[in-house]
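Listed here are the chains, written in short residue letters.
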Amino acid sequence: MAGSDGDPRSPGTGGAVLRGRDFAALRAEEFPYLEASGQAYLDYTGAALPPLSLVRGHAERLASAVYGNPHSASPASGLSTRLAEQARRAVLDFCGAPADDYVVVFTPNATGALRLVAEAYPFGPERGLLMLGDDHNSVLGIRRYARPAGAPVTVVAPGPQLRTGTADLLDALAEAERLGGPGLFAFPAQSNATGVRHPLEWVPVAQARGWRVLLDAAAYLPTGPLDLAAVPADFTALSWYKITGYPSGVGCLIARREALGGLRRPWFAGGTVLASSSHTDWHLPAPAPERLEDGTLAFLSLPDVTAAARWHTALGYPALRHHTGRLTTRLLDGLAGLRHPDGSPGVRLVGPADTEARGPTVTFHLLRPDGRPLDERLCQRAASAAGISIRTGCFCNPGVAEQENGLTPEVVRTALAGAGPAGLADVDDYLRLLPLRAQGAVRASVGAATGAADVDRLLTVCQDLLRRQPPDPVDRRSGC
């Protein structure tokens, strides 16, 4: 297949021509529904937009052959099985994972991949869990498996600009080893909240000390290349709707074969065993990857993974980085230029102010003249009224919000102790207990279909909010 510098035609994507760096032509061809709807989409970290060629290719494929549930020798089942194996190879190639060393397990999403490791990893007093304060809730939830097993849990707080320094990580590794010993180290290649990219070089550093490494690559892979031959994470989690918008409902756990041998699943299900008994507590597990794939795979969508990998590869990471980097700079510069009449800043960024070691995600607060943040829901509502899709709240990343608000573990524990015997009814009850400078933030993220006009449209909405200074809403929050 041709590289991103040419004019490649991506096989298996319905015949779409991907024009490398000509993103305006790509938008018109693959995402015409943006212009038709009059919307601006700036929520790529939430989900990428589906290219029409992938959607049409799916429909054409279903109309041209008979596909059946795998796990059988019928012609329809055999075709589905062959295409599933083709998709596994496409995933390995996409992430630079040698087939001799790695296996691909299909899951419903990245969270499902993380859960597979969480429930089967042999936590214990001498095998602890190390996480970043910048981890997603789907990673933070792993502690619910670690603590009951007696495993020590260590969380590394973010540093300046919400980055975690390598020196801080090394100190945390040493402290966790002192408390119990090397166990599972889980971190995001890219923060879903701030766009900060954490060093992939941490993978071999931790492994050399005896740790298994679980890499959350969900936010990183849409615009960041991964070479698992160079940074051989033991487990890598991803979701395809984050990368190419389609298919949804398909994620992957890319696992080192050697590391899989150390997992002990707590149950079995259809498709994960070769044999079992209803009368006795006995079963014979299937080999990997089948023994980790519960029930029937999303077999009608797996060929779309192959097509999606080809589509993205034809576009090329260098072109994507250039395109999204330029738009991220435009957004950062535009936000920095938003001022009140007295010259005071109208925006406070959450995370870095530059594009070094970051993805195309920008999170911020709009400020009142006295420096207090506007309620982020004001921006959400104004953007929605202007036909702009952004995301607001805490983004399932509480560590960033806690760090920004100075909420140390002691502060959070003290606040929760004040909840009383009735507990907390909703997120508003929780937030009222905390000394908050800002309850949530605004997140904008760009991707392949984003244009400069989309960024400028959001900046106009922000400028108008700063001018109008509407009062904060009084309705209750649905979540954070």
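Draft legend 1. How the structure looks around the overall build of the protein chain. Summing up its helical and strand segments, the protein chain has 18 helices and 15 strands in all. Relative to its full complement of 480 residues, the protein chain shows a buried share of 54%. Counting only contacts in the protein chain whose residues sit at least 6 apart along the sequence, the fraction spanning at least 24 positions is 71%. When the accessible area of the protein chain is evaluated, it comes to approximately 20,000 Å², of which 55% is carbon and sulfur surface. The averaged location of the 48 negative side-chain charges in the protein chain is 2 Å from the averaged location of its 46 positive side-chain charges.

Draft legend 2. How the structure looks around the packing of helix 13 (residues 317–336) against helix 18 (residues 452–468). Orientation of helix 13 relative to helix 18, taken along the N-to-C sense of each, is 20°, at an axis distance of 10 Å. By the angle class used here, helix 13 and helix 18 are roughly parallel. As for how helix 13 packs across helix 18, the hand of that crossing is right-handed. Contacts from Leu 327, Arg 330, Leu 331, Gly 334 and Leu 335 in helix 13 reach Ala 452, Val 455, Asp 456, Leu 458 and Leu 459 in helix 18. Looking at the contact of helix 13 with helix 18 residue by residue, the classes come out as seven nonpolar, one polar and two charged.

Draft legend 3. The arrangement of the sheet that holds strand 12 (residues 361–366) in detail. Spatially, the four strands line up as an open sheet ordered 11-12-15-14, and their pairing is antiparallel. In this open sheet, the two strands that pair with only one neighbour each are strand 11 (347–349) and strand 14 (391–393). On average, each strand axis in the sheet is inclined to that of its neighbour by 35°, with strand direction left out of account. Of the strand pairs in this sheet, strand 12 and strand 15 (residues 441–445) are connected by four bridges, and their pairing is antiparallel. Its bridge partner being in strand 15, Phe 364 is matched across the sheet by Val 442. The strands touched by helix 14 (residues 376–385) are strand 12, strand 14 and strand 15; relative to strand 14, the strand with the most contacts, the crossing angle is about 160°.

Draft legend 4. Here's a closer look at helix 4 (residues 75–94). Here helix 4 contains 20 residues, and its C-alpha end-to-end distance of 29 Å stays within 8% of the 28 Å for a straight helix at 1.5 Å per residue. Buried residues in helix 4 make contact with strand 2 (102–107), helix 10 (240–244), strand 8 (251–256), helix 12 (302–315) and helix 13. A positive backbone phi angle near 60° is found at Gly 96, which sits one or two residues after helix 4.

Draft legend 5. Inspection of helix 13 at higher detail. Between the first and last C-alpha of helix 13 there are 28 Å, a value that for 20 residues agrees with the 28 Å anticipated at 1.5 Å per step. Regarding helix 13, the residues found buried are Tyr 317, Ala 319, Leu 320, His 323, Thr 324, Leu 327, Thr 328, Leu 331, Leu 332, Gly 334 and Leu 335.

Draft legend 6. Seen up close, the packing of aromatic side chains. Overall, the coordinates contain nine aromatic pairs when judged by the stated rule. Where Phe 185 meets Phe 187, the ring centres are 5.0 Å apart and the plane angle is 20°; that geometry is what we call stacked. Phe 185 gets classed as buried once you look at its relative accessible area, which sits at 0%. In this structure Phe 187 comes out as buried when scored by relative accessible area, which is 0%. Three or more aromatic residues joined by ring pairs form one cluster here, namely Phe 31, Tyr 33 and Trp 311. Its end group placed over the ring of Tyr 67, Arg 61 keeps NZ or CZ at 5.7 Å from the ring centre.

Draft legend 7. Highlighting the side chain of Lys 242. Locating Lys 242 in the fold gives a position in helix 10. Among buried Asp, Glu, Lys and Arg side chains, Lys 242 stands out as unpaired, with Asp 43 the closest opposite charge at 7.5 Å. Only 2.9 Å separates the side chain of Lys 242 from the backbone oxygen of Thr 45, close enough to count as a polar contact. At 3.2 Å, the side chain of Lys 242 and the backbone oxygen of Gly 46 are in polar contact. Residues contacting Lys 242, with those up to four places away along its chain left out, are Thr 45, Gly 46, Ala 48, Ala 218 and Pro 222.

Draft legend 8. Main features of the environment of Gln 380. With respect to the helices and strands, Gln 380 occurs in helix 14. Apart from the residues within four sequence positions on either side, Gln 380 is in contact with Ile 390, Arg 391 and Thr 392. One polar contact links Gln 380 to Thr 392, side chain to side chain, over a distance of 3.1 Å.

Draft legend 9. Looking closely at the pattern of salt bridges. All told, the structure shown has 22 salt bridges when counted by the stated rule. Between Arg 115 and Glu 119 there is a salt bridge; the shortest N-O distance is 3.0 Å. Linking Arg 115 with Glu 119, this pair stays in helix 5 (residues 110–120), spanning four residues, or about one helical turn. Take Glu 119: its relative accessible area is 13%, and that puts it in the buried class. Here Arg 178 and Glu 175 are joined by a salt bridge, their closest N and O atoms 2.6 Å apart. With Arg 178 and Glu 175 both in helix 8 (residues 166–179), this residue pair falls three residues apart, about one helical turn. Residue classification places Glu 175 among the partly exposed positions, given a relative accessible area of 32%. Each of Arg 115, Glu 119, Arg 265 and Asp 294 takes part in a single network of salt bridges with overlapping partners.

Draft legend 10. Representation of the state of the cysteines within the structure. All chains considered together, the criterion is met by zero disulfides. Here Cys 252 stays free of any disulfide, with the sulfur of Cys 95 as its closest cysteine sulfur at 7.8 Å.

Procedures and definitions
- Residues numbered from 1 in each chain as written.
- Predicted model: local features only at pLDDT ≥ 70, side-chain atom pairs only at ≥ 80, totals over all residues.
- Heavy atoms only, no water.
- Helix = DSSP H or I, 4+ residues; strand = E, 2+ residues; numbered from the N terminus.
- Buried < 20%, exposed > 50% of the residue type's maximum accessible area, 1.4 Å probe, protein only.
- Contact = heavy atoms within 4.5 Å.
- Areas by Shrake-Rupley, 256 points an atom, 1.4 Å probe, with all protein chains shown as cover.
- Lys, Arg positive; Asp, Glu negative; His and termini not counted.
- Charge placed at Lys NZ, Arg CZ, Asp CG, Glu CD.
- Axes fitted to C-alpha atoms, helices over the stretch in contact; angles between N-to-C directions.
- Parallel < 35°, antiparallel > 145°, perpendicular 65-115°, else oblique.
- Left-handed = near helix turned anticlockwise from the far one by under 90°.
- Nonpolar A, V, L, I, M, F, W, Y, C, P; charged D, E, K, R; others polar.
- Pairing = 2+ DSSP bridges.
- Expected span 1.5 Å × (residues − 1).
- Phe/Tyr/Trp six-rings, centres within 6.5 Å; stacked < 30°, edge-to-face > 60°.
- Lys NZ or Arg CZ within 6 Å of the ring centre and 35° of its normal.
- Salt bridge = Lys/Arg side-chain N within 4 Å of Asp/Glu carboxyl O.
- Polar contact = N/O pair within 3.5 Å; in protein donor to acceptor, adjacent residues only side chain to side chain.
- Disulfide = S-S within 2.5 Å.

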